[in-house]
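# Structure at a glance
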Amino acid sequence: MDTHQVASADDLRSLIEERDVEYVVVALPDMQGLLRGKYLSRRKLLGALDNGLGVPPVIFAMEPTDVLYEVVGLSDASTGFPDVPAQVIPQTLREIPWEPAHRNLFVMLTHGKEGLSFCPRSICEHVLERAGSMGFRAFTACEFEFGLFNETSSSAFQKGYRNLELTVPHKGYSVLERQNARSEFYADLLDTMRSMRIPLEAVHEEIGFPSQLEASLQYAEGLTSPDNAVMFKSFAKSVAQRRGQLLSFMARWHNEVDGNSGHIHTSLRDTDGNPVFFDGQKQHGISDLMRHFIGGLQKVLPELTVLLAPNVNSFKRFVPDRFAPTSVAWGFENRTVGIRAITGAPASQRLECRLPGADANPYLSIAATLIAGLYGIEHQIEPGPETEGNAYLQKIPAKLRLPASYAEAIERFNRSKIAREWLGDAFVETFVSGRRAQEEEFRHLITEAEVERFLELS
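Residues numbered from 1 in each chain as written. Predicted model: local features only at pLDDT ≥ 70, side-chain atom pairs only at ≥ 80, totals over all residues. Heavy atoms only, no water.

The next point concerns the pattern of salt bridges. Enumeration over the complete set of coordinates arrives at 29 salt bridges. Across the pair Arg194 and Asp191 runs a salt bridge, and its minimum N-O distance is 3.4 Å. With Arg194 and Asp191 both in helix H6 (residues 183-195) and three residues apart, the pair spans about one turn of that helix. Through salt bridges with shared partners, one network takes in Lys282, Asp288, Arg291 and Glu382. (Salt bridge = Lys/Arg side-chain N within 4 Å of Asp/Glu carboxyl O. Helix = DSSP H or I, 4+ residues; strand = E, 2+ residues; numbered from the N terminus.)

Structure below.
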């Protein structure tokens, strides 16, 4: 049996027995979208298929580098830091190419939509089910920009994250000489994703800064898309680290560079698989459903922005003229707006939400995009007029502009009735608690720029 044939716990048991597997890598995506897991023995994994595996919910209060914020019910000692059973998801089974056959299986865990109400994968699952109840099948695809450095985790730390060495000195958007020069990295990345059944549409050199690359994942239905996206981010970083390099999805890592985006392409089909965004009788083929989806994105995404830009650094990406949106204006084939309509054949007609950064959790950014669009369909919301030309130079209505700061985005999300209706009070309050803690921490930090400007002459 091949891993792609595994669709149930019984299938996974059979494969483990057939291959005489000793260890399986299991992992659960946290609030940031990081995979946290372990090697699990065959005996323990088989037991987990029946009874679940204890995972401490405190991981949902952890930031990268394991900074632990005070989140009531998660990180306060009054909870006793218990384990809560997580279930194995057999259909996520993949093979890690650099591991030997007796321990190369990888499978994801979930707390389930009936379990922890703040588990990001469960949140996305709930939104997808609601789409299904409305008669829609959701198809999405993520594309990620990232930076590649001739550094390791240790060398970057020893340099204080200053003067980091890029892999090339100049920009080279889609220049083949750049691609050819580091074909070994491309080969390792492409081969790893092929082995792990994470289909890529394209990988190329990007325009934002020297050594910026972009990978576009193939569209998929339902949870397969964010599952692939989370695995891609984790294992792409592993590919680089195994080569002695550092790969970063940080939203914006330097003042002189553009940000790393995590755009989401979305389309809907009916229960029979027919595309519903296309109507040949309408201008540009845009159906009423697609138009109302755009209207929903415009109305709701400003309230949900913090799901698409979850960190204090995320808001450093929303800068005019740096290929990042500053509003939810929309337009045809326009990369200066937040919502790009891509028209064409019925099956390829879709919307690109350009708000998310590469640092966003794909489960939450996809959930936010679907919530907003489905809300627009449900309430038949008409979008504003199409934006033509450079949106950065135009006067955009206040209701279409993104929150001006991280703090404002957090509070708008906290007050959002739509967020609470679709995501539940428990998730909103848990997420807001962690974001407020991050905002407060960084609000009090002194930057190098402040010292340079004020130390001598103040």
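What follows is about helix H2 (residues 42-51). Turning to H2, its buried residues number three or more, namely Leu45, Leu46, Ala48 and Leu49. The buried residues of H2 all sit within an arc of 155° when viewed along its axis, so they share a single face. Away from its buried face by more than 90 degrees, H2 exposes Arg43, Asp50 and Asn51. Of the residues flanking the end of H2, it is Gly52, one or two places downstream, whose phi is positive at about 80°. (Buried < 20%, exposed > 50% of the residue type's maximum accessible area, 1.4 Å probe, protein only. Arc of directions from axis to C-beta.)

All right, on to the pairing of strand E8 (residues 212-217) then. Taking burial as the measure, the six residues of E8 include six buried ones, the bulk of the element. Burial along E8 is two-sided: the face carrying Gln212, Glu214 and Ser216 and the face carrying Leu213, Ala215 and Leu217 are both buried. Pairing between strand E6 (residues 136-149) and E8: five bridges, direction antiparallel. Of the residues in E8, the one forming a bridge with Gly147 is Gln212. Joining the antiparallel neighbours strand E7 (residues 200-205) and E8 is a turn of six residues, in which Ser211 adopts a positive phi near 75°. (Pairing = 2+ DSSP bridges.)

Now for the layout of surface pockets. By volume, the second largest pocket amounts to about 360 Å³. For the second largest pocket, the lining is made up of 24 residues, of which Glu145, Glu206, Glu214, Arg335 and Arg354 are closest to its centre. Among the secondary structure elements, those contributing two or more residues to the lining of the second largest pocket are E6, E8, strand E13 (339-342) and strand E14 (350-353). The element contributing the most residues to the lining of the second largest pocket is E8, with three residues. Across the lining of the second largest pocket, the residue classes break down as four nonpolar, eight polar and 12 charged. (1 Å grid on protein atoms, 1.4 Å probe; cavity = no way out; pocket = protein on both sides within 12 Å on 5 of 7 lines; lining within 4 Å. Points joined across faces, edges and corners; volume = space filled by probe spheres on them. Nonpolar A, V, L, I, M, F, W, Y, C, P; charged D, E, K, R; others polar.)

In this section: the sheet that holds strand E2 (residues 35-41). What the five strands build is an open sheet, ordered E2-E1-E5-E4-E3; its pairing is mixed. Edge positions in the open sheet fall to E2 and strand E3 (53-55), since each of these has one partner strand only. Taken over all neighbouring pairs, the strand axes of this sheet differ in orientation by 40° on average, direction set aside. In this sheet, E2 lies alongside strand E1 (residues 23-29) in antiparallel orientation, the contact comprising seven bridges. Across the sheet, the residue bridging to Leu28 is Arg36, located in E2. (Axes fitted to C-alpha atoms, helices over the stretch in contact; angles between N-to-C directions.)

For the structure on display, the rule yields 18 aromatic pairs. Seen in terms of ring centroids, Phe106 and Phe235 are 5.4 Å apart; in terms of plane orientation they differ by 85°. Their pairing is edge-to-face. With Phe106 in strand E5 (residues 105-110) and Phe235 in helix H7 (residues 224-242), the pair connects residues that are 129 residues apart, well separated along the chain. This pair shows no difference in class: Phe106 is buried, exactly as Phe235 is. Look at Phe149 and Trp253: their rings are 5.0 Å apart centre to centre, the planes differ by 85°, and that puts the pair in the edge-to-face class. (Phe/Tyr/Trp six-rings, centres within 6.5 Å; stacked < 30°, edge-to-face > 60°.)

As a further point, take unusual backbone geometry. Within the chain, Tyr161 stands out as a residue other than glycine whose phi angle is a positive 60°. With respect to the helices and strands, Tyr161 occurs in the loop between helix H4 (153-158) and helix H5 (176-181). Positive phi, close to 65°, is recorded for Asp321, a residue that is not glycine. Along the chain, Asp321 falls in the loop between helix H8 (288-308) and strand E12 (330-332).

The subject of this paragraph is the side chain of His204. Looking at where His204 falls in the secondary structure, it is placed in strand E7. What makes His204 buried here is its relative accessible area of 15%. Ignoring any residue separated from it by four or fewer positions in sequence, one finds His204 in contact with Tyr173, Ser174, Tyr186, Leu213 and Glu214. (Contact = heavy atoms within 4.5 Å.)

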